[in-house]
Amino acid sequence: MQDIINGILKFQRDAFPAREKLYKNLAAWQGPRTLFISCSDSRLVPELVTQQEPGEMFVIRNAGNIVPPYGSEAGGEVATVEYAVAALKVSDIVVCGHSNCGAMTAVANCTCMTDMPAVGHWLRYADSARFVNESRTHENAAAKADAMIRENVIAQLANLRTHPSVRLALKEGRVALHGWYYDIESGRVDAYDETTGSFVPLAAHANTRAAA
């Protein structure tokens, strides 16, 4: 805990003064352009990976970068998506999975969750991805888990489309959806191309969209 406290003190001493004008402007309003939905995994820091400043992204983080379909439960994810699209008018929504995701590895391997019933219930929102992934042949357990991570990104994009605010924004051309896979070891990001049904390197395909 002391390292976190030291970090706060360093922020107040060094980082905050360097951006004091920015924080003063943000104190009264926010205008993020992107809703970024990622895993809670400590190795993925959305603002660091995307090099965004405070106020530039609205972020949801949870186990498995999951978006429950609309109407399933009035949880924080559903409310946050609605607020980001209807109130903040974000123009882009990113669902970002990552390599070595513990949540998706557990789903892919059908890991018993009797000692973590809340986690087990939450990961049911990845069932459609699991069904698709199970229908395919994989070289080994690692390949199966990696494929599950990508398939889950696609499934959560589908769940996003069930949200009325997102569906309306898509129909009116006000928002674009993006599905990303972040490789922790290399820093590479692959983007889901809905037209081909495949993930392609973002660096070479910067305009790739999952839906626009």
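See above for the structure.
This text gives an overview of the structure that appears in the document. Only a predicted model underlies this, so the values are computations on that prediction, with no experimental measurement involved.

As a rule of thumb, soluble globular proteins bury nonpolar side chains together. Judged by nonpolar contacts, the single largest core of 43 residues is most densely connected at L35, I93, M104, L160 and L177. Broken down by secondary-structure element, the contributors of at least two residues to this core are β1 (34–39), β2 (57–62), α4 (76–87), β3 (92–98), α5 (102–108), α8 (141–160), α9 (164–171) and β4 (176–182). Top element by residues in this core is α8. It accounts for seven residues. Within the second largest apolar cluster, ten residues are counted, among which are F36, M57, V189 and A191.

In this section: α8. Compared with an ideal rise of 1.5 Å per residue, which puts 20 residues at 28 Å, α8 spans 28 Å between its outermost C-alpha atoms and is within 8% of the ideal. Measuring from the backbone nitrogen of A142 back to the side-chain oxygen at the start of α8 gives 3.2 Å, which picks out N140 as the cap.

Turning our attention to the state of the cysteines. Working definition of a disulfide: a covalent bond connecting the sulfur atoms of two cysteines. Under the counting rule described, the total for this entry stands at zero disulfides. There is no disulfide at C96, and the cysteine sulfur nearest it, in C39, is 9.5 Å away. Distance from the sulfur of C112, which forms no disulfide, to the nearest cysteine sulfur (C110) is 11 Å.

Time to look at the packing of aromatic side chains. Summed over all chains, the structure comprises seven aromatic pairs. Each ring, one from F36 and one from W180, has its centre 6.0 Å from the other, and the planes form 70 degrees; the classification is edge-to-face. Residue F36 is found in strand β1, and its partner W180 is found in strand β4; the two are separated by 144 residues along the sequence. Among the residues examined, F36 registers a relative accessible area of 2% and is labelled buried. Judged by its relative accessible area of 16%, W180 falls in the buried class. When the ring of F58 is compared with that of Y83, the centres are 6.0 Å apart and the planes differ by 40 degrees; the resulting orientation is tilted. Placement of the pair is F58 in strand β2 and Y83 in helix α4, with a sequence separation of 25 residues.

For R150, the position within the fold is in helix α8. Setting aside residues up to four positions removed in sequence, R150 forms contacts with Y181, R188, D190 and F199.

Moving on, we get to the pattern of salt bridges. Counted by the stated rule, this structure contains 13 salt bridges. Of the charged contacts, one joins E20 and K24 as a salt bridge, the two residues approaching to 3.7 Å between their closest N and O atoms. Taken as a pair, E20 and K24 lie in helix α2 (residues 20–26) at a separation of four residues, close to a single helical turn. Note on E20: relative accessible area 36%, which makes it partly exposed.

It is worth spelling out the sheet that holds β2 at this point. What the six strands build is an open sheet, ordered β2-β1-β3-β4-β5-β6; its pairing is mixed. Only two strands of the sheet have a single neighbouring strand rather than two, namely β2 and β6 (198–201). Each strand axis lies, on average, 25 degrees off the axis of its neighbour in the sheet, ignoring direction. In the packing of α4 onto the sheet, contacts are made with β1, β2 and β3, and the angle to β2 comes to roughly 170 degrees.

Tracing the backbone shows R161 in the loop between α8 and α9. In this structure R161 comes out as partly exposed when scored by relative accessible area, which is 27%. In sequence terms R161 and L9 are 152 residues apart; their C-alpha atoms lie 42 Å from each other. When neighbours within four sequence positions are excluded, R161 is seen to be in contact with R167, L170, L177, E194, A210 and A211.

Conventions and cut-offs
- Residues numbered from 1 in each chain as written.
- Predicted model: local features only at pLDDT ≥ 70, side-chain atom pairs only at ≥ 80, totals over all residues.
- Heavy atoms only, no water.
- Core = buried A, V, L, I, M, F, W, Y, C linked by side-chain atoms within 4.5 Å.
- Buried < 20%, exposed > 50% of the residue type's maximum accessible area, 1.4 Å probe, protein only.
- Helix = DSSP H or I, 4+ residues; strand = E, 2+ residues; numbered from the N terminus.
- Expected span 1.5 Å × (residues − 1).
- Polar contact = N/O pair within 3.5 Å; in protein donor to acceptor, adjacent residues only side chain to side chain.
- Disulfide = S-S within 2.5 Å.
- Phe/Tyr/Trp six-rings, centres within 6.5 Å; stacked < 30°, edge-to-face > 60°.
- Contact = heavy atoms within 4.5 Å.
- Salt bridge = Lys/Arg side-chain N within 4 Å of Asp/Glu carboxyl O.
- Pairing = 2+ DSSP bridges.
- Axes fitted to C-alpha atoms, helices over the stretch in contact; angles between N-to-C directions.

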